[in-house]
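Below, each chain spelled out in residue letters.
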Amino acid sequence: MKKAGKAVVLMTALAVTGALLGGCAGGTADSRTEAGQTEAGKTEAGKGAEDSAKTEAAGGDASEGTVKEDIRVVTYFAGSDAYAPVWKEVCADYMKDHPGITIVDESQPTSGSNDLFKTKVQADLAAGNPADLVLYYTGEAYTKTFEDSGLFVDFGDILKADPEWAGNFKESPLENVQYQGKQYALPFIGYYEGLFYNKALFEQYGLEEPTTWENIMKANEVFSQNDIVTLSMSLGMPYITTENFIMGASGKENHRNYFDDSWGIAIDCIAELYQKGGLPKDTFTISEDDVRLLFSEGKAAMMINGSWCTESLQGNPDMRIISMPTLPGGTGGENCAIAGFSSGWHMTKAANERSGETLKFLKYMTSPETMARFIAYGGSPAIVCDAPENSSELLKSAVTMLEKAQYQDAALDSQVNHEAYETLNNGIQYVCEGQMTSAEVLKQAKQLNESGQ
């Protein structure tokens, strides 16, 4: 599966239920909101005094902490989106606890060519009247539009003013949505990929779980003798498998050193599995649907795929997911994971200057407790949070995987030249058949990548 539209895949296909991930830290957002400051770096005392004055002006009673204010918010949590129910619930809960606050939900669905959400946000921007909080895409072109408008805050100083709240965010997701060193967006929900495996099959044959390459190859010896596919994958469409093997080989050091020699380790390991009978017999022609079917039916012990697959797998208590183990001579492993965040929260300067209420609601939305409620419906959390109660074993393992992965990066197809990426993936077939070396494939791909930039 090519992840051409990860931004959309993770807002819809991620509708999967469970990617519960992350590990929740600390108290509620409400208990920490007083520490928030404006972009201008106002002191807590000064900000508090000003907020009290604004509260009274707005018709609230500062002495009792009540405020009357409307907060306009636009997200893509609408229509059939998997997150729509929980979005409505958390908004209702917030308004119940803050009776003077009304969350004006302007969310619109996003799907196909009739993207009402995107149209809504762009129209508001053009009119100079965006919502107070906007959960929108974070690609460079999108963020540049927000920055050029001059209407949105840079969260840099706001995060520094409240280190406890800032500490809820995972470092990599926070950095990945920056634009020219500025934090115009705060990450929320994304996607992840990893090595899915059937724990029951490993136990049935007395095998250690696939946490090392050595364990995988030992398991392959046993599985291949018992008509069980070791790794369900398509060499005709190896994209997800390729990039996870590359992460296991390159690690943080060389994952963005495109077509580095270390990437050859990944190609050679895939070829080794193929040559030792670890892949499906029809691996060159098998469809992505059949790849998943082999695994879900217990005919394959492992599969590399993404969070969009969890919904159909989490009913099986034996399913688990981990990062691709460190490959021989590589520097990756459980400290690395393929995960991306293609949308984030944006807050207007007008809302931030009006009062502290919009920031207060944003802190509630990005608290560990609220994050866990969303992750129960799928995706990768930008916030450190516990797995939701009654989570499946698969979702719990996903949480653990992402907690261990201090380095997280987006899939390679969103980073390198398309033709170069296709050359890399197509070349794996030739390496498997002994017609090319991994070094030759990497050389061709690297040349294309450099000439195409």
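Residues numbered from 1 in each chain as written. Predicted model: local features only at pLDDT ≥ 70, side-chain atom pairs only at ≥ 80, totals over all residues. Heavy atoms only, no water.

(A) Molecular detail of unusual backbone geometry. A positive phi is found at Asp227, a non-glycine position, where the angle reads about 55 degrees. Along the chain, the position of Asp227 falls in the loop between helix 10 (213-224) and strand 6 (229-232). Located in the positive-phi region is Phe259, a residue other than glycine, with phi close to 65 degrees. Residue classification places Phe259 among the buried residues on the basis of a relative accessible area of 2%. (Helix = DSSP H or I, 4+ residues; strand = E, 2+ residues; numbered from the N terminus. Buried < 20%, exposed > 50% of the residue type's maximum accessible area, 1.4 Å probe, protein only.)

(B) Just the pairing of strand 5 (residues 189-198), in detail. Of all 10 residues in strand 5, 10 are buried; the element is thus mostly enclosed. Pairing geometry for strand 5 and strand 11 (residues 380-381), over two bridges, is antiparallel. Bridge pairing links Gly190 to Ser380 in strand 11. Sheet topology note: the strand 5/strand 9 (residues 336-340) ladder contains two bridges and is antiparallel. Looking across to strand 9, one finds that Tyr191 is bridged to Gly340. Direction of pairing for strand 5 relative to strand 7 (residues 300-306): antiparallel, over a ladder of five bridges. Residue pairing in the sheet places Gly194 in a bridge with Asn305 of strand 7. (Pairing = 2+ DSSP bridges.)

(C) Representation of the packing of aromatic side chains within the structure. For the structure on display, the rule yields 28 aromatic pairs. Ring geometry for Tyr137 versus Tyr142: centroids 5.1 Å apart, planes at 55 degrees, classification tilted. On the numbers, 5.8 Å between centres and 25 degrees between planes, the contact of Tyr239 with Tyr421 is stacked. Taken together, the positions of Tyr239 in helix 11 (residues 239-254) and Tyr421 in helix 19 (residues 418-432) put the pair 182 residues apart, joining distant regions of the chain. Across the pair, Tyr421 and Tyr239 agree in class, each one buried. (Phe/Tyr/Trp six-rings, centres within 6.5 Å; stacked < 30°, edge-to-face > 60°.)

(D) Geometry of the side chain of Gln314. Here Gln314 is to be found in the loop between helix 14 (310-313) and strand 8 (319-322). A polar contact is formed between the side chain of Gln314 and the side chain of Ser392, at a distance of 3.3 Å. (Polar contact = N/O pair within 3.5 Å; in protein donor to acceptor, adjacent residues only side chain to side chain.)

(E) Representation of the sheet that holds strand 10 (residues 343-347) within the structure. With mixed pairing, the five strands of this open sheet are ordered in space as 2-1-3-10-4. Pairing within the sheet leaves two strands with one partner each, and these edge strands are strand 2 (101-105) and strand 4 (186-187). Sheet strands touched by helix 4 (residues 116-126): strand 1 (69-74) and strand 3 (133-137). Its angle to strand 3, the strand with the most contacts, is close to 120 degrees. Across the sheet, helix 5 (residues 140-149) lies against strand 3 and strand 10, angled at about 150 degrees from strand 3, the strand it touches most. (Contact = heavy atoms within 4.5 Å. Axes fitted to C-alpha atoms, helices over the stretch in contact; angles between N-to-C directions.)

(F) Region of interest: the pairing of strand 8. Where burial is concerned, the two faces of strand 8 agree: the one with Met319 and Ile321 and the one with Arg320 and Ile322 are both buried. In this structure, strand 5 lies alongside strand 8, joined through four bridges in antiparallel fashion. Bridging from a neighbouring strand, Leu195 pairs with Ile322 of strand 8.

(G) Quick peek at the nonpolar core. Residues Trp213, Leu231, Phe245, Phe259 and Leu424 are the most contacted members of the largest nonpolar core, which totals 75 residues. Here this core takes seven residues from helix 12 (residues 263-275), the largest share from any one element. If near-sequence neighbours (up to four positions away) are discounted, Phe259 is found in contact with Val416, Ala420, Leu424, Leu442, Ala445, Lys446 and Asn449. Counting 49 residues, the second-largest nonpolar core is a separate cluster that includes Tyr83, Ala166, Leu174 and Trp345. (Core = buried A, V, L, I, M, F, W, Y, C linked by side-chain atoms within 4.5 Å.)

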